[in-house]
Amino acid sequence: AQSVTQLDSHVSVSEGTPVLLRCNYSSSYSPSLFWYVQHPNKGLQLLLKYTSAATLVKGINGFEAEFKKSETSFHLTKPSAHMSDAAEYFCVVTQYGAGSYQLTFGKGTKLSVIP
Amino acid sequence: EPEVTQTPSHQVTQMGQEVILRCVPISNHLYFYWYRQILGQKVEFLVSFYNNEISEKSEIFDDQFSVERPDGSNFTLKIRSTKLEDSAMYFCASSERRTGNLEQYFGPGTRLTVT
């Protein structure tokens, strides 16, 4: 079975300061990991993905995430927050090779950016 | 850029009525999915579909749910007799293949309200 734990339900940062959204995963097989973002009244947009290539993954809008197998973590970071980053962020896992490609979502982290 | 579309954006129905939610996946994609997000909860997998049949379904996807690809472009989710607890945002997703590029592209969602 696979699962995802997003450690913070709400993170608040000031504009221009770093962002850290934490995610831990559990997977019996080699995982693929994703971060999706959902702006208010919008659909889910893929920010970045890890699929067993480089452990440091760069995504859109300056976000990046590092896959750490020893810590079973896939934290999302950005050096400098922008007002437009305010949204809900979902860490997602799927199990490559287990015959199942359903995505398992974390509960989400709401990011607020203070001017 | 190609995108997944969903109609309607918002559907209000009375308990016990049938609803059909429609999705148009990205044209060269072969795998299709439905997810739902009850207000305040995480996104949950419902069903995956490939080659005109269900490939995987969750416990949520019981006999009141069905999916269909009635023509070459649409992918539908039918709820036969809606219950109050079916009120949720329903997301359609599609992917090009199961291995290699595992990215699922999401539509903007249909908000279903059952009264």
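One can find the structure itself at the top, above this paragraph.
In this numbering scheme, every chain counts its residues from 1 along its sequence in written order. Key to labels: chains lettered from A, ligands numbered from 1, both in the order written. In view of the model being predicted, local features appear only for residues whose pLDDT reaches at least 70, and side-chain atom pairs are presented and counted only at 80 or more, with totals across whole chains, interfaces and linings using the full set of residues. Computation of side-chain values covers all heavy atoms of the structure but excludes hydrogens and water.

### Side note on the overall build of chain B
Here is the rule: Each helix corresponds to a stretch of at least 4 residues labelled H or I by DSSP, and each strand to a stretch of at least 2 residues labelled E; elements are numbered beginning at the N terminus. Our radius of gyration is a C-alpha quantity, and the globule rule it is checked against amounts to 2.2 Å times the number of residues to the power 0.38. With a 1.4 Å probe rolled over the protein chains alone, any residue whose accessible area is under 20% of its type maximum counts as buried; one over 50% counts as exposed, and the rest are partly exposed. Whether two residues are in contact is decided by their heavy atoms, any of which lying within 4.5 Å being enough. The protein chains shown are the only cover counted for residues, whose accessible areas, like all others here, come from Shrake-Rupley with a 1.4 Å probe.
Counting its regular elements, chain B contains zero helices and eleven strands. Listing each helix as α and each strand as β along chain B from the N terminus yields β-β-β-β-β-β-β-β-β-β-β. Whereas a compact globule of 115 residues would reach a radius of gyration of roughly 13 Å, chain B reaches 13 Å, a difference of no more than 12%. Referenced to the eigenvectors of the C-alpha coordinate spread, the extents of chain B come out at roughly 40 × 30 × 30 Å. Within chain B, buried positions represent 45% of all 115 residues. Expressed as a percentage of contacts within chain B between residues at least 6 apart in sequence, the contacts between residues at least 24 apart total 55%. Split by element, the accessible area of chain B, about 5800 Å² in all, is 45% carbon and sulfur.

### Digging into the environment of Glu-96 of chain B
Residues and elements named next belong to chain B. Tracing the sequence through the fold places Glu-96 in the loop between strand 9 (88-95) and strand 10 (105-106). With a relative accessible area of 28%, Glu-96 lands in the partly exposed category. Between the C-alpha atom of Glu-96 and that of Phe-61, which follows or precedes it by 35 residues, the distance is 23 Å.

### Looking at the packing of aromatic side chains
Residues and elements named next belong to chain A. Here is the rule: Centres within 6.5 Å are what make two rings of Phe, Tyr or Trp a pair, Trp counting through its six-membered ring; a difference in plane orientation under 30 degrees is then read as stacked, over 60 as edge-to-face, and the rest as tilted.
Inspection of every chain in the model, using the stated rule, returns 19 aromatic pairs over all chains. Ring centres 5.7 Å apart and planes at 25° place the aromatic pair Tyr-25 and Phe-67 in the stacked group. Taken together, the positions of Tyr-25 in strand 4 (residues 23-26) and Phe-67 in strand 8 (residues 64-68) put the pair 42 residues apart, joining distant regions of the chain. Phe-67 shares its class with Tyr-25; the two are buried.

### Considerations on the interface of chain B and chain A
Threshold: What counts as buried area is the accessible surface, traced by a 1.4 Å probe, that two parts surrender upon association, with contributions from both included. Take a side-chain nitrogen of Lys or Arg and a carboxyl oxygen of Asp or Glu: if they are within 4 Å of each other, that pair is a salt bridge.
Across the contact, 18 residues belong to chain B and 20 residues belong to chain A. Of the roughly 1800 Å² buried at the junction of chain B and chain A (both faces included), carbon and sulfur atoms supply 58%. Where chain B touches chain A, the interface holds one salt bridge. A salt bridge links Lys-49 of chain A to Glu-103 of chain B, with the shortest nitrogen-to-oxygen separation between them at 3.6 Å.

### Notes on the nonpolar core
Stated precisely, the cut-off is as follows: Buried residues of nine kinds, namely Ala, Val, Leu, Ile, Met, Phe, Trp, Tyr and Cys, make up a nonpolar core once their side-chain atoms join them within 4.5 Å.
Grouped together as the largest cluster of nonpolar side chains are 26 residues, with contacts concentrated most on Trp-35, Leu-48, Phe-74, Leu-76 and Tyr-89 of chain A. The element that contributes the greatest number of residues to this core is strand 10 (residues 87-95) of chain A, accounting for four residues. Non-local contacts of Leu-48 of chain A, meaning those with residues more than four positions away in its chain, are made with Leu-33, Phe-34, Trp-35, Val-57, Lys-58, Gly-59, Phe-63, Glu-64, Ala-65, Phe-74 and Leu-76 of chain A. Leu-21, Phe-32, Phe-65 and Tyr-90 of chain B belong to the second-largest nonpolar core, a separate cluster that totals 22 residues.

### Section: the sheet that holds strand 3 (residues 19-24) of chain B
All names here are of chain B. Inclusion rule: Strand pairing is defined by DSSP finding a minimum of two bridges between the two strands. Whenever a helix is involved, its axis is fitted only over the stretch in contact; in every case the axis is a line through C-alpha atoms, and angles between N-to-C directions fall within 0 to 180 degrees.
Judged by pairing direction, the sheet is antiparallel, and its four strands sit side by side in the order 1-3-8-7 without closing on themselves. Sheet topology places strand 1 (5-7) and strand 7 (65-68) at the edges, where each strand pairs with a single neighbour. Within this sheet the neighbouring strands show an average axis-to-axis angle of 20°, counted without direction. With five bridges joining them, strand 3 and strand 8 (residues 75-79) adopt antiparallel strand pairing. Residue Cys-23 lies in a different strand from strand 8, and its bridge partner there is Phe-75.

### Some thoughts on unusual backbone geometry
Cis geometry is found at the peptide bond from Thr-7 of chain B to Pro-8 of chain B, where omega equals -10°. Locating Pro-8 of chain B in the fold gives a position in the loop between strand 1 and strand 2 (10-13). Of note, the phi angle at Thr-72 of chain A is positive, near 45°, even though the residue is not glycine. Checked against the element boundaries, Thr-72 of chain A lands in the loop between strand 8 and strand 9 (73-78).

### Some words on the environment of Thr-109 of chain A
Residue and element names in this part refer to chain A. For clarity, the threshold we go by: Think of a polar contact as two N or O atoms within 3.5 Å of one another; within protein, one of them needs to be a possible hydrogen donor and the other a possible acceptor, and neighboring residues in sequence only count if both atoms come from side chains.
With respect to the helices and strands, the residue Thr-109 is situated in strand 12 (residues 109-114). Residues Thr-109 and Phe-67, spaced 42 residues apart in sequence, show a C-alpha to C-alpha distance of 18 Å. Excluding residues within four positions of it along the chain, Thr-109 makes contact with Gln-6, Asp-8, Ser-9, His-10, Val-11, Leu-21, Ala-87, Glu-88 and Tyr-89. Among the polar contacts listed, one links the side chain of Thr-109 to the side chain of Gln-6, at a separation of 3.2 Å.

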